[in-house]
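# Chain and residue survey
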Amino acid sequence: MQNAKEHAQREIATVFRSTGEPTAILNNLRRCSRCALPETHETILFDEEGVCNVCRQHEYKQSQIDWTAREQELSALIDQYRGKHDYDCIVPFSGGKDSTFTLYELVHRFKVKPLVVTFDHGFLRPTTLENTDRTIRLLGVDYLKFRPSWKVVRKLMQESLRRKGDFCWHCHTGIFSYPMHVAVKFKVPLVIWGEPSSEYTSYYGYDEDCIHWHQQALDACRPFGASLYPELKQACDSYFFLPHRNEPRGIGGIFFDDWTRDGFERSVAFVKSVGDHFLPAYVPIFERRMQTPSGEPERRFQLYRRGRYAEFNLAIDRGTRYGLQSGRRVESVLASLPPLAAWQYDFRPDPGTPEADLYERFLPPKWWVGAPHVVDKSGD
Ligand SMILES: [Zn+2]
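## Some words on the sheet that holds strand β3 (residues 142-146)
Pairing is parallel across the open sheet formed by 3 strands, whose spatial order is β1-β2-β3. Edge positions in the open sheet fall to β1 (89-92) and β3, since each of these has one partner strand only. When the angles between neighbouring strand axes are averaged without regard to direction, this sheet yields 25°. Across 4 bridges, the pairing between β1 and strand β2 (residues 114-119) is parallel. Its bridge partner being in β2, I90 is matched across the sheet by L115.

## Overview of helix α6 (residues 126-139)
Think of an α-helix as 3.6 residues a turn; residues three or four steps apart then line up on the same face. With 14 residues, α6 should cover 20 Å at 1.5 Å per step; its first-to-last C-alpha distance of 20 Å lies within 8% of that length. Within two residues after α6, G140 carries a phi angle of roughly 65°, on the positive side.

## A few points about unusual backbone geometry
You will see that A36, though not glycine, has its phi angle at about 70°, which is positive. Within the fold, A36 resides in the loop between α2 (21-27) and α3 (53-64). Residue A36 is classed as partly exposed on the basis of its 18 C-beta neighbours within 10 Å. For D258, which is not a glycine, the phi torsion comes out positive at approximately 45°. Residue placement: D258 occurs in the loop between β5 (247-248) and α11 (263-276). D258 sits in the exposed class, given 5 other C-beta atoms within 10 Å.

About the thresholds
Residues numbered from 1 in each chain as written. Predicted model: local features only at pLDDT ≥ 70, side-chain atom pairs only at ≥ 80, totals over all residues. Pairing = 2+ DSSP bridges. Helix = DSSP H or I, 4+ residues; strand = E, 2+ residues; numbered from the N terminus. Axes fitted to C-alpha atoms, helices over the stretch in contact; angles between N-to-C directions. Expected span 1.5 Å × (residues − 1). Buried ≥ 20, exposed ≤ 12 C-beta atoms within 10 Å, placed from the backbone.

Structural data, given as structure tokens:
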């Protein structure tokens with residue numbers, strides 16, 4: 001791809017030869033020095049060498065991930081459920097390259113019996129639909145497609161455009177929830193997505209995410225008095241703390257229980273306000289970070305940090321302690337523990353790394369927003 005940029009420019013010049021003006025604009029776009037993706041590509045970032053994050057992620061995946069071990073992990077997971085239900089797994093299917101590849105591999109290499117499902121949001125292109133038909137037929141798999149009422153979808157599009165500046169909210173939610181509905185209805189215990197990895201960065205700090213998270217908490221509390229957020233934020237900092245490590249568990253939020261302040265109506269209104277702020281607090285962070293490249297070192301750190309969660313749950317969490325002491329069903333009490341966690345003797349991150357940053361800048365309690373004197377001034 002040495003001349004990738006020149007090649008892309010030649011192609012664009014051919015397409016727009018007759019018009020002149022667009023050629024100049026498109027030729028001046030910044031492009032990845034390796035794969036020629038333009039700066040207008042969604043979520044693209046360039047590093048100092050002008051290489052894009054897609055190329056870097058590819059590099060990372062090739063060099064840092066033990067794919068043989070991953071394949072064994074997947075095989076073991078599939079074997080655990082194989083042949084026990086009408087279908088071995090659900091495969092959410094869009095007709096695009098990721099889900100087609102996933103389905104092909106599952107059927108040919110892993111020999112599963114899948115139930116393939118598509119949420120049709122109303123914008124699937126004719127070629128995608130043809131690809132889907134062909135793939136389903138050639139692989140010989142069972143297939144379900146759900147297309148919600150267009151009248152409902154139109155209302156949802158208007159509403160999500162008005163509220164979120166994004167008309168396709170029914171697409172984002174539908175493609176994730178429909179496969180789960182089918183899995184529950186058909187009692188299929190496994191759902192296998194052909195999606196890029198997304199979860200690994202939740203143990204790394206980002207200033208804007210911390211500010212956003214706490215801003216939402218502040219907004220949820222604001223109608224109920226200026227002093228409420230500082231009070232519950234400090235309650236959170238002191239509860240979610242590991243005394244044996246002398247270390248906060250996370251970046252905090254707000255914490256309360258047995259809440260009856262100012263009577264029933266106002267307590268319900270407050271809890272509702274907190275609930276209503278959860279998705280606006282969480283989803284944007286998830287969306288910002290889900291494409292961040294990660295590999296085995298980040299995975300190791302994630303497992304290590306999950307150990308802190310486990311320590312908190314077992315040693316301090318009131319719900320867990322109450323559950324164990326009161327002789328409840330132990331599997332239910334411990335259901336909130338992570339499936340995998342790791343401990344490493346006297347682990348200390350190298351100075352200047354994002355891991356060190358987490359301990360030095362993110363975990364120590366601080367006022368990301370809404371320090372008491374600021375709240376007093378802004379009022380409510
Ligand atoms: Zn690139």
